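A look at the structure
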Amino acid sequence: MSVQRIRGATLQRRRKLWFTLHPLCVACQQKGVTSMATELDHVVPLFKGGADDQSNLQGLCPTCHEQKTADDLGYVKRHAIGLDGWPIPEGVPEGRRGYERSKKKG
Ligand SMILES: [Zn+2]
């Protein structure tokens, strides 16, 4: 037995109502950012046993939805590993990575 997802016209009506009542991305709001929610997300994913009703819904912007989906599926944004075997910090330009690290050590 699987959870019956709401689809079609019923889903469209529900989405429209939801975004009328909750127009902002909840994840962005938690970060103090105001973004329009355009994606209706299940707080607990259906495949993890979440309910397909209003108690388990939240509006997200596309960016947060993508991030949450990745989290739900267990994807971890992986750091690249440098030549010395340590993760490369984000935002360090390619050519400066070794330099940045050796500078810290020395
Ligand atoms: Zn967002």
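Bear in mind the structure is a predicted one, so any value in this text is a computation, not a measurement.

A few words on the overall build of the protein chain. Scanning the protein chain for helices and strands turns up 4 helices and 2 strands. When the helices and strands of the protein chain are read in sequence order from the N terminus, they spell out α-α-β-β-α-α. Expressed as a percentage of the 106 residues in the protein chain, the buried residues total 7%. For the protein chain, long-range pairs separated by at least 24 residues make up 39% of all intrachain contacts whose partners lie at least 6 apart in sequence.

Moving on: the nonpolar core. Counting residues in each nonpolar core, the largest one holds 6 residues, listed as C25, A27, A37, L60, C61 and C64. If we skip the residues at most four places from it in the chain, A37 touches F19, H22, P23, L24, C25, G59, L60 and C61.

To continue, consider the environment of A51. By secondary structure assignment, the location of A51 is in the loop between β1 (39–42) and β2 (57–60). Here the alpha-carbon distance between A51 and R5, two residues 46 residues apart in the chain, equals 9.6 Å.

Let us now look at the environment of G59. Considering the arrangement of structural elements, one finds G59 in strand β2. Residues G59 and P23 lie 36 residues apart in sequence; the distance between their C-alpha atoms is 7.3 Å. If near-sequence neighbours (up to four positions away) are discounted, G59 is found in contact with W18, F19, H22, L24, C25, V26, A37 and L40.

Time to look at helix α1 (residues 8–21). Counted at 1.5 Å a residue, the expected span for α1 with its 14 residues is 20 Å, and the 20 Å between its end C-alpha atoms agrees. Where burial is concerned, little of α1 is hidden: 0 out of the 14 residues are buried.

Next up on the list: the confidence of the model for the protein chain. A residue-level look at the protein chain finds 78% of positions with pLDDT of 70 or above and a mean pLDDT of 83. Helix α2 (residues 26–30) holds the highest mean pLDDT among the elements of the protein chain, 96, whereas helix α4 (residues 97–105) holds the lowest, 55.

Rules of the game
Once a new chain begins, its residue numbering starts again from 1 and follows that chain's sequence as written. Where local features are concerned, this predicted model is filtered to residues with pLDDT of at least 70; where side-chain atom pairs are given and counted, the filter is 80 or more; whole-chain, interface and lining totals use all residues. Secondary structure counts use DSSP, requiring at least four H or I residues in a row for a helix and at least two E residues in a row for a strand, with both numbered from the N terminus. Exposed residues have 12 or fewer other C-beta atoms within 10 Å of their own C-beta, buried residues have 20 or more, and partly exposed residues fall in between, where C-beta atoms are placed from the backbone. Note on contacts: residues are paired as contacts if their backbone-placed C-beta atoms lie within 7 Å. One nonpolar core equals one set of buried Ala, Val, Leu, Ile, Met, Phe, Trp, Tyr and Cys residues connected by C-beta atoms within 7 Å. Expected helix span is computed as 1.5 Å times (number of residues minus one). pLDDT is a residue-level measure of predictor confidence that goes from 0 to 100.

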